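Letter by letter, the chains look like this.
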Amino acid sequence: MTDKRKKTASDLRSSRWFAPDDLRSFGHRSRLMQMGLGPEDWAGKPVIGILNTWSELNPCHAHFKERAADVKKGVHQAGGFPVELPVLSVDESYTKPTSMLYRNLLALETEELIRSHPLDGVVLMGGCDKTTPALIMGALSAGVPMIYLPAGPMLRGNYAGNILGSGSDAWKYWDERRAGNISDQEWLGIEGGIARSYGHCMTMGTASTMTAIAEAMGLCLPGASSIPAADANHIRMATACGRRIVEMVWEDMTPDQIVTAASMRNAAIVAMATGCSTNAVVHLLALARRAGIPLTLDDLDALGRTTPLIANVRPAGTDYLMEDFYYAGGLRALMAQLADRLETSAMTVSGFPLGETLEGAQVYNDDVIRPLSNPVYHEGSLAVLRGNLCPDGAVMKPAACDKRFYKHEGPALVFDNYPDMKKAVEDENLEVTPDHVLVLRNAGPLGGPGFPEWGMLPIPVALINQGHRDMLRISDARMSGTSYGACVLHVAPEAHIGGPLALLKTGDTISLDIEKRSLDMLVSEDELARRRAEWQKPPERYERGYGYLFAKHVTQANEGCDFDFLSPEFGEKAPEPDIF
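Calculation rules
Residues numbered from 1 in each chain as written. Predicted model: local features only at pLDDT ≥ 70, side-chain atom pairs only at ≥ 80, totals over all residues. Heavy atoms only, no water. Helix = DSSP H or I, 4+ residues; strand = E, 2+ residues; numbered from the N terminus. Rg over C-alpha atoms; globule rule 2.2 N^0.38 Å. Buried < 20%, exposed > 50% of the residue type's maximum accessible area, 1.4 Å probe, protein only. Contact = heavy atoms within 4.5 Å. Areas by Shrake-Rupley, 256 points an atom, 1.4 Å probe, with all protein chains shown as cover. Lys, Arg positive; Asp, Glu negative; His and termini not counted. Charge placed at Lys NZ, Arg CZ, Asp CG, Glu CD. Core = buried A, V, L, I, M, F, W, Y, C linked by side-chain atoms within 4.5 Å. Phe/Tyr/Trp six-rings, centres within 6.5 Å; stacked < 30°, edge-to-face > 60°. Lys NZ or Arg CZ within 6 Å of the ring centre and 35° of its normal. Pairing = 2+ DSSP bridges. Axes fitted to C-alpha atoms, helices over the stretch in contact; angles between N-to-C directions. 1 Å grid on protein atoms, 1.4 Å probe; cavity = no way out; pocket = protein on both sides within 12 Å on 5 of 7 lines; lining within 4 Å. Points joined across faces, edges and corners; volume = space filled by probe spheres on them. Nonpolar A, V, L, I, M, F, W, Y, C, P; charged D, E, K, R; others polar. Salt bridge = Lys/Arg side-chain N within 4 Å of Asp/Glu carboxyl O. Arc of directions from axis to C-beta.

The subject of this paragraph is the overall build of the protein chain. Regarding its fold elements, the protein chain presents 20 helices and 14 strands. Rg of the C-alpha trace for the protein chain: 24 Å, near the compact-globule value of 25 Å for 580 residues, within the 12% margin. Referenced to the eigenvectors of the C-alpha coordinate spread, the extents of the protein chain come out at roughly 80 × 55 × 45 Å. Looking at the protein chain as a whole, 59% of its 580 residues are labelled buried. Contacts in the protein chain between residues far apart in sequence, at least 24 positions, make up 77% of those at least 6 positions apart. Here the protein chain has roughly 22200 Å² of accessible surface; of this, 51% comes from carbon and sulfur atoms. For the protein chain, the distance from the average site of its 56 positive side-chain charges to the average site of its 73 negative ones is 2 Å.

Put into structure tokens, the structure is as follows:
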């Protein structure tokens, strides 16, 4: 590669800590020597922070100890000085009430960790759902050169000769177990077979969606997001990230040169074409907001209407998983199919514009990565709905539900909390029909609290026993990106703050029309006004601590659920720290 250096050693940000001949820098250098290092390790070299979300309670990132070492090898190869820094793991499996409660905390930690330490560039190691947007949000605000290293999907699941997909098959087989069709031994076999290696979910859930978005934004090395975690190519990619970030520091390639309106549009188009998780919406909005780029729900819906879904990967697809996607050509091949729709001049961390990184990309299985002439679904993955039930918007994934729900009217069956709903759906005598609309409220950013993934409401066992496996469901919650079905999510404003969902009553008729993008409760304005006058605000969820901070400053779903004080328009970016 041609030397594109714009900086010298004296220009390095870290030189403020290590270069001056004074007592403060003596202290910094002596503490490095305390760890067995010498001047030849750091002098005149870019200091590269490796922000590692490894944790023993994050199985998606179980390989990150080794990958951090692989990154360090690359940094050393390129003449840099690597330092590994642990950050909040935000695992999806064990963090309660929801990892989404802590996305902004990881973003805040990332920004402040970078700003307060002698780092010239960073490699962000993430993959499990919220780690990708959180790390990138924080690094965008910090502004130093950055490159994103995706954890990679786990290997496809398998039990008794059947391919299993993360999350999607958990929901599927759980319904069969509730119906009495699966034995204890079979259930144990499915538990042991659905997740066979380290790496994040191998369906096109939130993790695969967000790493694809990171690559489409230009923040990953070309093809990085598709490599399975257990593949040897993943090791080589990690080392390449270490080499490249050193070059980026010398080239002064900062995030604002990469994350632009064009790259955000590219990311949204690619998301729609992959059959993305509904969670992509809230994270895209937050990422754009951090970068100071205008992006709205309506912008995303407009792209969704014109972008065909061409990744035949579950749950929006029918037959394949991320391992198959990689073998079929991966994200580079998919983006090459979309090249005429993308801003191919957008710059990437590779140092080349997107178009050049797609040269030579091929599709090796056109049933996995479909041509535009034969899409899985004629529109993109997501639809944004509006109406008197969701004046600020709601999100649905039409590609992952039965077409009979594209236009539907039915009576509401409303629950104010998850325990009451859970108890009711397990009642074999519940009075419910397939036309009913199951509604859960008070599960949004403030009501949840934290915007939990409760939106794929369980089908009532009374319907399960009749052979039904889907029904229209509505909530102000999110749902897992591995989920599927006729689920309307992210209803805004949420019920907890008095959104119209708070006024809905059991028996009210709900009308959904996906083509018209409408969602309404057929209740008169006079009746709604009467109910609003009677509505009482629920008590606050938190009285102290981080939860209190979250509740005071989180925005609603249609705004990305970031903290209001972290947007660029809130105030000027903090200056470089004083060193005395």
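After presenting the structure, the write-up continues.
Ranked by size, the top nonpolar core spans 109 residues in total, and within it Leu124, Ile136, Leu219, Met264, Leu284, Phe325 and Leu334 carry the most contacts. Sorting elements by how many residues they give to this core places helix 10 (residues 232–251) first, with nine residues. The residues touching leucine 219, leaving out its near neighbours within four places in the chain, are Ile136, Met146, Ile147, Tyr148, Ala214, Ile258, Val259 and Val349. Core analysis: the second largest hydrophobic core is formed by 34 residues, Tyr406, Ile474, Leu503 and Ile514 among them.

Another aspect to go through is the environment of arginine 332. In this structure, arginine 332 sits in helix 15 (residues 330–337). Among the residues examined, arginine 332 registers a relative accessible area of 22% and is labelled partly exposed. Sequence separation between arginine 332 and alanine 361 is 29 residues, and the spatial gap between their C-alpha atoms is 5.9 Å. With sequence-adjacent residues up to four places away left out, arginine 332 is seen in contact with Glu215, Pro222, Gly223, Thr357, Leu358, Glu359, Gly360 and Ala361.

To continue, consider the packing of aromatic side chains. Under the criterion given, the structure shown has nine aromatic pairs. Their ring planes at 75° and their centres at 5.9 Å tell us that phenylalanine 550 and phenylalanine 563 sit as a pair that is edge-to-face. Residue phenylalanine 550 is found in helix 20 (residues 545–553), and its partner phenylalanine 563 is found in the segment after helix 20; the two are separated by 13 residues along the sequence. No difference in accessibility class separates phenylalanine 550 from phenylalanine 563, as the two residues are buried. Aromatic rings pair up to connect Tyr102, Tyr546, Phe550, Phe563 and Phe565 into one cluster. Taking the ring centre of phenylalanine 352 as reference, the NZ or CZ of lysine 4 above it sits at 5.0 Å. Above the face of the tryptophan 17 ring, arginine 16 is positioned so that its terminal group lies 5.7 Å from the ring centre.

On the basis of which strands lie adjacent, the open sheet formed by eight strands has the order 7-8-12-11-10-9-13-14 and mixed pairing. This sheet does not close on itself; its edge strands, each paired only once, are strand 7 (383–385) and strand 14 (518–521). Adjacent strand axes in the sheet meet at a mean angle of 30°, parallel and antiparallel pairs treated alike. Bridging between strand 9 (residues 407–415) and strand 10 (residues 437–440) involves four bridges; their strand directions are parallel. Bridge pairing links alanine 412 to valine 437 in strand 10.

So, on to the side chain of glutamate 111. Mapped onto the elements, glutamate 111 comes out in helix 5 (residues 103–116). Owing to a relative accessible area of 9%, glutamate 111 belongs among the buried residues under this scheme. In this structure, glutamate 111 is in contact with Gly138, Ser141, Ala142, Arg290 and Leu566, ignoring residues within four places of it in sequence.

The strand order across the open sheet built from four strands is 2-1-3-4, with neighbouring strands paired in parallel fashion. Whereas interior strands pair on both sides, the edge strands pair on one side only; in this sheet they are strand 2 (81–86) and strand 4 (146–150). Within the sheet, the average angular offset between the axes of one strand and its neighbour, ignoring direction, is 20°. Judged from the five bridges that link them, strand 1 (residues 47–52) and strand 3 (residues 121–126) form a sheet pairing that is parallel. Paired with asparagine 52 across the two strands is methionine 125, which belongs to strand 3. Taken strand by strand, helix 10 contacts strand 1, strand 3 and strand 4, and its axis lies near 175° from that of strand 4.

Right, let's talk about the environment of leucine 522 for a bit. Looking at where leucine 522 falls in the secondary structure, it is placed in the loop between strand 14 and helix 19 (525–534). Between the alpha carbons of leucine 522 and isoleucine 510 there is a distance of 6.1 Å; along the sequence they are twelve residues apart. When near neighbours in sequence (up to four residues on either side) are disregarded, leucine 522 contacts Glu409, Thr509 and Ser511.

Here we come to the layout of surface pockets. There is about 450 Å³ of room inside the second largest pocket. For the second largest pocket, the lining is made up of 20 residues, of which Glu111, Ser141, Leu566, Pro568 and Lys573 are closest to its centre. Mapped by element, the contributors of at least two residues to the lining of the second largest pocket are helix 5 and helix 6 (131–142). A breakdown of the residues in the lining of the second largest pocket according to their chemical character gives nine nonpolar, four polar and seven charged.

Once that is clear, we can look at the pattern of salt bridges. Evaluated as defined, the whole model comprises 39 salt bridges. Close ionic contact of lysine 130 with glutamate 453 constitutes a salt bridge, the shortest N to O distance being 3.6 Å. You can see lysine 130 sitting in the loop between strand 3 and helix 6 and its partner glutamate 453 sitting in the loop between strand 10 and helix 18 (461–464), a full 323 residues away along the chain. Since its relative accessible area comes to 0%, lysine 130 is described here as buried. Here arginine 156 makes a salt bridge to glutamate 323, at a shortest N to O gap of 3.7 Å. Taken together, the positions of arginine 156 in the loop between strand 4 and strand 5 (157–159) and glutamate 323 in helix 14 (residues 322–327) put the pair 167 residues apart, joining distant regions of the chain. The structure contains a network of salt bridges with shared partners spanning Glu111, Glu112, Arg115, Arg289, Arg290 and Asp562.

On to helix 17 (residues 418–425), then. Here helix 17 has its buried residues at Met421, Ala424 and Val425. One face of helix 17 carries all of its buried residues, which in axial projection span an arc of 90°. Facing away from the buried surface of helix 17 by more than 90 degrees, the exposed residues are Pro419 and Lys423. Taken together, the buried residues of helix 17 touch helix 7 (168–178), strand 9, strand 10 and helix 18.

The next point concerns the side chain of threonine 357. Tracing the backbone through its elements, the reader meets threonine 357 in helix 16 (residues 354–357). On the basis of relative accessible area, threonine 357 is assigned to the buried category, the value being 12%. For threonine 357, the residues in contact, after removing those within four places along its chain, are Pro222, Arg332, Thr348, Ser350 and Phe352.

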